[in-house]
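Each chain is listed here by its residues.
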Amino acid sequence: MNRMRIGDLTERAGVTQRTVRYYESIGLLPSGEREGNGHHYYTEETVTRLQKIDQLKKIGLSLEEIRDVVELYFTDTSGVQPKRKVLGILRRHLADTDQKLEALGLFRSDLQSNIERFERWLEANEGD
């Protein structure tokens, strides 16, 4: 098995060592295999996992959501289970976005009404 140290891992995956350590601390990545000299070693699967994490971040998943699905990409070879779970998350994001857009639309209407009310008042009272 081809093993690499953290510097090689970060270069291949395009992340910082700090990111790797953080992902390990929150359970997104398993800790590297530790040798007797204290060095951590990582495998090609770790590179693949970091790339998958990046892909999931780019489509809008939080690190917490990614933590809940990333392992499925490595245990379900069909890819069906992780894709279904991600689809559910994306649908929830869409519903949340729609609610926020509706609330923004109402806020915009309120702002417009207040602007018009102030303009009418000013028009009626500026000549005095």
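Residues numbered from 1 in each chain as written. Predicted model: local features only at pLDDT ≥ 70, side-chain atom pairs only at ≥ 80, totals over all residues. Heavy atoms only, no water.

**Q** Got a minute to help me understand the domain arrangement of the chain in this structure?
**A** Once the domains are mapped, the chain shows domain 1 (1-59) and domain 2 (76-128). Taking the mean C-alpha position of each, domain 1 and domain 2 sit 38 Å from one another. (Domains from an automatic or database assignment.)

**Q** Explain the packing of helix α1 (residues 6-13) against helix α2 (residues 17-25) here, please?
**A** Each pair of packed helices can be described by the angle between their axes along with the distance between the axes. One way to put it is that α1 packs onto α2 with a least axis distance of 9 Å and a crossing angle of 100 degrees. Comparing the axis directions of α1 and α2 gives the class roughly perpendicular. For the pair α1 and α2, the contacting residues are Ile6, Gly7, Leu9 and Thr10 in the first and Gln17, Val20 and Arg21 in the second. When the residues that make up the contact of α1 with α2 are grouped by side-chain class, the tally is three nonpolar, three polar and one charged. (Axes fitted to C-alpha atoms, helices over the stretch in contact; angles between N-to-C directions. Helix = DSSP H or I, 4+ residues; strand = E, 2+ residues; numbered from the N terminus. Parallel < 35°, antiparallel > 145°, perpendicular 65-115°, else oblique. Contact = heavy atoms within 4.5 Å. Nonpolar A, V, L, I, M, F, W, Y, C, P; charged D, E, K, R; others polar.)

**Q** Help me understand the packing of aromatic side chains, please; the structure alone is not making it clear to me.
**A** Both the distance between ring centres and the angle between the ring planes are used here to describe each pair of aromatic rings. Inspection of the entire model under this criterion finds one aromatic pair. Both rings, one in Tyr22 and one in Tyr23, keep their centres 6.4 Å apart while their planes meet at 50 degrees; by these two values the pair is tilted. For Tyr22, a relative accessible area of 44% gives the class partly exposed. The side chain of Arg3 reaches across the aromatic face of Tyr41, ending 4.3 Å from its centre. Here the basic side chain of Lys52 rests over the ring of Tyr73, its NZ or CZ set 4.2 Å away from the ring centre. (Phe/Tyr/Trp six-rings, centres within 6.5 Å; stacked < 30°, edge-to-face > 60°. Buried < 20%, exposed > 50% of the residue type's maximum accessible area, 1.4 Å probe, protein only. Lys NZ or Arg CZ within 6 Å of the ring centre and 35° of its normal.)

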